[in-house]
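Chain residues, written in single-letter form:
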Amino acid sequence: MVTTQVELPGLSGIDARVRVPVLHLTSDDLAFTEDEIAALISVRTQADSPDRTPLSSAQVYHATKGWPLAAHAYIEEWRAGSTPDALERGSEWIRSFITRSVATWDDHVRSVVGALALVIAAPTSVLARMLNQPEESIAQALSSAAFPYLTYRMDAQGVRWYRFPEAVRRELLRDVEARTPPDDLRSRYRRAALALAPFDRLEALRAAIRGEAWDALSELLLTGPISDLVGEPEDHPRSMLLRRIPLEVRKKYPVIYAYAAFQAYAYPDGQFEEILQELRMLSGPWLAEASRRPGLPGLYTAMLRMIAARLCGDEALGRAAAKRTSQSLSDLSEQESELISTKIPNIYLQQAITYLHGHHFADAEDALGQMQAFESRSRPIEQAHRISLQALILAVRGQIPDSRRHLELADSLILPVGWRTSYAGSGFRIATALCSLESDDTDSAEHQMREMRRHWLKIEYWPYLVMISALLEERHHDASTALDYLNQELEFRSSRFPAAPSLQAELDGLRGRLEYISGKHGQLSPARRASSLADLYALIGRNERNRSRALVSRLLSLPGYLHHPRRHVELLLLQAHLAHLDGDADLAGNATKLAYRRASSNELALPYRTLTSEALAQLTVYQPLLDPSDGAAGSAAQRTPLSEAEMRALAAVARHGSTPRAAESLFLSRHTVRNQLTTAYRKLGAHSFDDALRIAREGRLLSGYE
């Protein structure tokens with residue numbers, strides 16, 4: 001086992017001769033436990049007066065989060081009679097330690113250590129650029145500092161990144177800010193931003209903001225995905241909140257203004273209407289003319305308008321701006337394309353997200369295909385995001401086997417560490433939840449929703465989260481409970497940011513179905529021509545047969561529904577139900593059989609919830625394999641055929657005798673193979689491997705795999 005905080009492709013990559021498990025350690029892993037703190041208190045206070053009330057290990061742990069240096073400091077302050085508030089406010093013990101250390105350094109060492117305190121971590125090359133000094137001189141100064149809390153990590157290229165624990169760095173930073181003139185301090189931050197840009201974008205952004213290097217900040221913002229700016233709140237201190245930059249500066253630099261609005265979308269602080277106004281201004285006339293300019297300025301402006309339009313729910317303008325972005329990309333000169341080659345993957349990524357929100361799936365897949373052409377220029381997080389988005393597109397449409405294949409590919413990605421739990425991993429989790437619901441794996445779907453809780457309020461994919469949660473409510477309770485949840489959630493969301501019209505139509509369609517199933521039929525305005533899935537459910541609920549049949553036929557003829565297997569099956573079942581009620585056995589039979597075939601080939605189960613159990617039972621005369629008792633069709637094996645990956649996993653374990661050997665033979669992780677087996681058991685209704693193997697062989701499912 002290797003423990004590390006950096007990427008080690010030589011050990012864990014696919015080209016490694018021997019693969020080694022690599023564990024990424026966080027500050028939580030390195031912290032003292034409460035029991036260890038109790039032992040520390042016992043050692044450090046054994047000579048104190050026995051009459052004094054003992055120090056509580058829980059108190060120390062709560063105040064210091066288990067960080068070793070802070071725990072020592074807290075105990076020392078307690079022994080001296082002080083009462084520190086928390087680690088974040090620092091401690092006199094640490095401050096005294098820093099003061100004594102700084103006093104022993106000469107001016108050169110103090111200058112180098114002070115430069116390092118300005119950033120989270122830096123190699124000597126960055127410090128040399130910050131101070132305009134030779135790199136050898138920087139390395140010598142760090143070596144002579146003899147400071148016990150100066151540490152370093154080694155990156156994949158063997159470069160040492162020096163850093164201090166955060167509490168130590170804060171105290172050093174106070175000393176630097178007290179001694180350095182403001183202009184000199186800003187100059188160091190500016191040079192740090194330029195030097196860090198190729199290595200650490202977020203730290204370069206922080207340095208650019210502190211150094212008021214607005215041109216450099218604009219360039220850095222365009223370099224990577226927006227998701228970098230909307231991670232966990234603790235990752236984005238006040239210095240990283242772009243809306244704190246003066247308004248006159250933001251208006252002078254449209255890129256900064258735009259990204260400040262994008263970040264505010266994730267951290268609105270109750271200012272929803274104000275942020276919407278900013279997004280509408282960005283997508284409106286202010287940048288319209290600039291987005292049509294040739295070259296890079298026009299390209300960047302078109303991309304900003306596209307994102308702003310998407311976030312404020314203007315689907316048509318978002319798509320038009322995405323098309324404008326494509327045109328600007330194609331018009332770039334060869335020199336300009338090479339200049340921004342590392343930015344192009346992010347541009348295509350933003351296009352794909354914009355198209356996905358508008359349910360323009362073909363355009364989204366085309367953008368992802370263009371992005372894949374720049375794979376060699378993409379960062380690992382962008383590659384993970386691309387594969388996850390492709391899986392999400394397929395899951396939303398209802399192409400479950402294809403979505404699962406992309407999820408397996410995404411699940412095999414080692415880098416970047418922790419991407420699945422980040423904002424960029426949202427597509428992966430939503431797609432996994434949808435696929436889990438289709439196989440009736442509510443535990444897995446609920447797990448994905450729990451993992452998304454930290455992003456629940458700031459994520460622009462919120463309509464999918466609401467839909468999945470409502471489906472889980474329906475599964476655990478009934479349609480009426482799910483409808484109540486959905487209405488409450490949409491009422492809460494109505495005071496925040498709007499959904500794109502296509503996503504709103506999905507929410508309305510789900511609400512219409514839940515109303516129909518629970519007998520709470522939706523209202524349909526007589527003045528409006530029925531045209532949506534929600535309208536169809538309202539018409540059926542009101543028993544308007546003729547209008548219902550006319551609308552379902554019209555919807556089935558639309559390409560958008562035809563290329564959306566989940567919606568297509570839903571509409572076919574409604575058509576079959578209406579035809580059966582009217583005695584049209586031919587149409588009812590054809591629609592039922594086509595719905596069953598399409599659901600089976602795409603491993604779909606959710607569409608069977610379209611009808612009540614009684615209505616679904618009536619269609620079994622046309623397709624006997626329909627099973628109204630659980631809203632799915634046929635036996636488990638017939639209802640949801642195994643995917644190729646699941647059949648390979650079953651056959652490999654049968655052939656090699658164990659999951660580890662099977663995983664090795666398939667060049668997959670043990671985790672992936674276990675997941676495939678678990679899904680296979682569920683589909684087959686099996687309770688063990690032997691049971692699953694027997695059912696699969698009886699159904700001739702493993703022919704060609706054994």
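All of the points below concern the structure found in this document. (Residues numbered from 1 in each chain as written. Predicted model: local features only at pLDDT ≥ 70, side-chain atom pairs only at ≥ 80, totals over all residues. Heavy atoms only, no water.)

Things to note about the overall build of the protein
Quick note on the threshold: Strands here are runs of E lasting at least two residues and helices are runs of H or I lasting at least four, both read from the DSSP assignment and numbered beginning at the N terminus. The criterion used for residue contact is that any of the two residues' heavy atoms lie within 4.5 Å.
A count of helical and extended segments in the protein gives 40 helices and seven strands. Long-range contacts, defined as pairs at least 24 residues apart, comprise 62% of the intrachain contacts of the protein with a sequence gap of at least 6.

Looking at the side chain of R305
Basically, it comes down to this: Partly exposed residues are those whose accessible area sits between 20% and 50% of the maximum for their type, while under 20% is buried and over 50% is exposed, using a 1.4 Å probe and protein chains only. In this tally, Asp and Glu contribute negative charge and Lys and Arg positive charge; neither His nor the terminal groups of the chain are included. The salt bridge criterion pairs a side-chain nitrogen of Lys or Arg with a carboxyl oxygen of Asp or Glu, the two atoms within 4 Å.
Within the secondary structure, R305 is located in helix α18 (residues 295–311). Of the side chains with opposite charge, D314 comes closest to the buried, unpaired R305, at an N-O distance of 7.6 Å. Beyond its immediate chain neighbours, meaning those up to four positions away, R305 contacts L282, S283, G284, L287, A288, S291, L317 and A321.

Some remarks on the packing of helix α37 (residues 644–656) against helix α39 (residues 670–684)
Note the following rule: In this analysis an axis means a line fitted to C-alpha atoms, helices contributing only their contacting stretch, and an angle means the value between N-to-C directions, from 0 to 180 degrees. Roughly parallel covers angles under 35 degrees, roughly antiparallel covers those over 145, roughly perpendicular covers 65 to 115, and oblique covers all other angles. Nonpolar residues are Ala, Val, Leu, Ile, Met, Phe, Trp, Tyr, Cys and Pro. Charged residues are Asp, Glu, Lys and Arg, and all others, Gly as well, are polar.
Contact pair α37 / α39: the axes reach a minimum separation of 9 Å and the direction vectors enclose 105°. The orientation of α37 with respect to α39, classified from their angle, is roughly perpendicular. Of the residues in α39, those in contact with A645, E646, A649, L650 and V653 of α37 are V673, Q676, L677, T679, A680, K683 and L684. Looking at the contact of α37 with α39 residue by residue, the class counts come to eight nonpolar, two polar and two charged.

Regarding the sheet that holds strand β3 (residues 121–122)
The cut-off we apply is this: We call two strands paired when DSSP finds no fewer than two bridges between them.
Taking strand neighbours across the sheet as the criterion, the three strands line up as β3-β5-β4 in an open arrangement whose pairing is antiparallel. Taken across any chain shown, the strands that pair with only one partner, and hence form the sheet edges, are β3 and β4 (151–154). In the sheet, β4 pairs with strand β5 (residues 160–163) via four bridges, with the strands oriented antiparallel. The residue bridging R153 from the neighbouring strand is W161, located in β5.

Some details on the packing of aromatic side chains
Stated formally: Ring pairs are drawn from Phe, Tyr and Trp, using the six-membered ring of Trp, whenever the two centres fall within 6.5 Å, and their geometry is named by plane angle: stacked under 30 degrees, edge-to-face over 60, tilted for the rest.
A complete count under the given rule lists 10 aromatic pairs for this structure. Considering the side-chain rings of Y461 and Y464, the 6.4 Å spacing of their centres and the 55° angle between planes classify their relative orientation as tilted. Take Y461: its relative accessible area is 5%, and that puts it in the buried class. Residue class for Y464 comes out buried when judged on its relative accessible area of 4%. For the pair Y516 and Y537, a centre-to-centre distance of 5.8 Å together with 35° between the ring planes defines the contact as tilted. Here the residue Y516 occupies a position in helix α29 (residues 501–518), and Y537 occupies one in helix α30 (residues 533–541), the gap between them amounting to 21 residues.

A word on helix α21 (residues 344–357)
Which entries qualify depends on this criterion: A helix is expected to span 1.5 Å for every residue after the first.
An ideal rise of 1.5 Å per residue puts 20 Å on 14 residues; α21 measures up with 20 Å between its terminal C-alpha atoms. Immediately downstream of α21, the backbone of H359 shows phi near 60°, a positive value.

Focus: the pattern of salt bridges
Close approach of charged atoms allows side chains with opposite charge to pair. Applying the stated rule across the entire model yields 33 salt bridges. Taking the shortest distance from any N to any O, the salt bridge between R549 and D584 comes out at 3.2 Å. Here the residue R549 occupies a position in helix α31 (residues 545–556), and D584 occupies one in the loop between α33 (565–581) and α34 (585–601), the gap between them amounting to 35 residues. Overall, the relative accessible area of 23% leaves R549 in the partly exposed class. Through salt bridges with shared partners, one network takes in R545, R549, D582 and D584.

A few points about the packing of helix α7 (residues 107–117) against helix α8 (residues 124–131)
One way to put it is that α7 packs onto α8 with a least axis distance of 10 Å and a crossing angle of 110°. Between α7 and α8, the angle falls in the class roughly perpendicular. Across the interface between the two elements, S111, V112, A115 and L116 of α7 pack against L127, M130 and L131 of α8. Residue composition of the contact of α7 with α8, by class: six nonpolar, one polar and no charged.

Examining the side chain of H359
Following the sequence through the fold, H359 ends up in the loop between α21 and α22 (361–372). Look at H359 and you get buried, because its relative accessible area is 18%. Setting aside chain neighbours within four positions, we find H359 in contact with V396, Y464, S502, L503 and E506.

A closer look at the environment of M303
Its place among the elements puts M303 in helix α18. We classify M303 as buried; its relative accessible area is 1%. Put simply, M303 and I347 are 44 residues apart on the chain and 7.0 Å apart in space, counted from C-alpha to C-alpha. Residues within four places of M303 in sequence aside, it is in contact with L222, Y259, T325 and I347.

What to know about the environment of L693
Turning to its location among the elements, L693 is positioned in helix α40 (residues 689–698). Relative accessible area serves as the criterion here: at 10%, L693 is assigned to the buried category. Between the C-alpha atoms of L693 and Y681, which are 12 residues apart in sequence, the distance is 9.1 Å. Setting aside chain neighbours within four positions, we find L693 in contact with A654, L702 and E706.

Concerning unusual backbone geometry
Leave glycine aside and you will find that most residues have negative phi; peptide bonds, for their part, are mostly trans. In this structure, E212 takes a positive phi of about 55° despite not being glycine. Note on placement: E212 falls in the loop between α12 (201–210) and α13 (214–221). Even without being a glycine, F667 presents a positive backbone phi close to 60°. When you line up the elements, F667 lands in the loop between α38 (659–666) and α39.

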